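# Descriptive structure summary
What follows is the residue order along each chain.
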Amino acid sequence: ASIAREEEQGLLAAVRAGKPLLALHAASASFRRPPPQRPGDPVASHPEFYEMIGGYVERHPPFGPIRVRVTAPLHPVTQGLVEFEIEDELFLFRNLQADNEVLLEADFEGAKRPLAWVRKWGEGKVLHIALGHGPKAAANPAFQRSIAQGLGWLAGLPTPAPATPAK
């Protein structure tokens with residue numbers, strides 16, 4: 001729940017210099033104190049970190065099925081994915097960065113909610129995937145494919161030829 005200032009600055013500098021970063025699931029809730037005590041705002045304490053990963057998860061409704069829409073079907077991370085359902089947490093964000101390129105989203109309370117995005121941080125690439133809570137989510141083929149293709153994209157590997165869509 002904490003990070004030394006020097007460690008945080010090292011991470012920010014490494015990504016800014018061109019290292020890739022995968023921010024998975026609760027990475028967007030880093031530095032938050034567990035309930036019931038939550039003094040302070042993690043975004044205020046770590047503004048560059050949350051800017052780098054693209055947003056801060058404020059809350060989520062109860063765990064359950066989420067219908068996920070692919071908003072960027074030609075991006076290397078989501079290529080071959082089609083709309084899918086997953087048992088997971090639907091994170092609701094604040095401090096979303098305007099230059100996030102949203103790859104996956106869901107509808108909740110009449111609004112489109114981003115679930116995965118990519119962004120630049122200096123020379124580095126950042127992939128944030130909010131999904132991934134627990135074994136059911138981890139076993140979902142579409143989630144697994146987004147992680148595998150995301151790691152390839154972050155590593156600069158060529159995008160594989162389209163395969164059978166993962167649902």
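Since this is a predicted model, take the numbers as computed values, not measurements. (Residues numbered from 1 in each chain as written. Predicted model: local features only at pLDDT ≥ 70, side-chain atom pairs only at ≥ 80, totals over all residues. Heavy atoms only, no water.)

## Concerning the overall build of the protein chain
Formally: Helix and strand definitions here come from DSSP, where helices need a minimum of 4 consecutive H or I residues and strands a minimum of 2 consecutive E residues; each element is numbered from the N-terminal end. Burial classification: accessible surface area is computed with a 1.4 Å probe over protein chains only, and a residue below 20% of its type maximum counts as buried, one above 50% as exposed, and the rest as partly exposed. Throughout, a residue-residue contact means that at least one pair of heavy atoms, one from each residue, lies within 4.5 Å. Surface exposure here means Shrake-Rupley accessible area, sampled with a 1.4 Å probe, where a residue is shielded only by the protein chains that are shown.
Helices and strands together make up the secondary structure of the protein chain, namely 5 helices and 8 strands. Put simply, the protein chain has 167 residues, and 45% of those count as buried. Partitioning the contacts of the protein chain with sequence separation of at least 6, the portion at a separation of at least 24 is 67%. Within the structure as shown, the protein chain displays about 8600 Å² of accessible surface, and the carbon and sulfur contribution to it stands at 57%.

## Observations regarding unusual backbone geometry
Look at Asn-95: it is not a glycine, yet its phi comes out positive at around 55°. Assignment of secondary structure puts Asn-95 in the loop between strand 5 (92–94) and strand 6 (101–108). Classification of Asn-95 as partly exposed rests on a relative accessible area of 36%. Here the phi dihedral of Glu-109 falls at roughly 50°; this positive angle occurs in a residue that is not glycine. Among the structural elements, Glu-109 can be located in the loop between strand 6 and strand 7 (111–121).

## Some details on the environment of Glu-51
Here Glu-51 is to be found in helix 3 (residues 47–53). A relative accessible area of 35% means that Glu-51 is categorised as partly exposed. Linking Glu-51 and Gln-97, residues 46 residues apart in sequence, is a C-alpha distance of 6.7 Å. In contact with Glu-51, other than residues within four places in its own chain, are Gln-97, Arg-119 and Trp-121.

## Some remarks on the pairing of strand 1 (residues 21–24)
Counted only if it meets this: At least two DSSP bridges between two strands are needed for those strands to be called paired.
Side chains Leu-21 and Ala-23 of strand 1 all project onto a buried face; the interleaved residues Leu-22 and Leu-24 project onto a face where none is buried. Sheet analysis places strand 1 next to strand 8 (residues 124–129), joined by 4 bridges and oriented parallel. Bridging across to strand 8, Ala-23 finds its partner in His-128.

## Overview of the pattern of salt bridges
Between side chains of opposite charge, pairing is possible as soon as their charged atoms come close. This is how it is decided: The salt bridge definition used is simple: a Lys or Arg side-chain nitrogen within 4 Å of an Asp or Glu carboxyl oxygen.
In this structure the tally under the stated criterion is 8 salt bridges. Across the pair Glu-48 and Arg-16 runs a salt bridge, and its minimum N-O distance is 2.9 Å. In this pair, Glu-48 sits in helix 3 while Arg-16 sits in helix 1 (residues 5–16), placing the two residues 32 residues apart along the sequence. Overall, the relative accessible area of 30% leaves Glu-48 in the partly exposed class. With a closest N to O distance of 2.7 Å, Arg-94 and Glu-58 form a salt bridge.

## A word on the packing of aromatic side chains
Threshold: Only centres within 6.5 Å qualify two rings of Phe, Tyr or Trp (six-membered ring in Trp) as a pair; their planes then separate them into stacked at under 30 degrees, edge-to-face at over 60, and tilted for everything else.
Evaluation of the coordinates by the stated rule reveals 4 aromatic pairs. Taking the centre distance of 5.2 Å and the plane angle of 85° together, the rings of Phe-49 and Tyr-50 count as edge-to-face. Per residue, the accessibility class of Phe-49 equals that of Tyr-50, and both read buried. Taking 6.2 Å as the distance between ring centres and 80° as the angle between the ring planes, the aromatic pair formed by Phe-91 and Phe-93 counts as edge-to-face.

## Quick look at helix 1
The line we're drawing: The span expected for a helix works out to 1.5 Å for each residue beyond the first. In this description, one arc is meant: the one made by directions from the helix axis to the C-beta atoms.
Here helix 1 contains 12 residues, and its C-alpha end-to-end distance of 16 Å stays within 8% of the 16 Å for a straight helix at 1.5 Å per residue. Among the residues of helix 1, those classed as buried are Glu-8, Leu-12 and Val-15. Each buried residue of helix 1 lies within a common arc of 70° when the element is viewed along its axis, so the set occupies one face. What points out from helix 1, more than 90 degrees from its buried face, is the exposed set Glu-6 and Glu-7. Next to the buried residues of helix 1 lie strand 1, helix 3, strand 7 and strand 8. Positive phi shows up at Gly-18, right after helix 1, with a value of about 125°.

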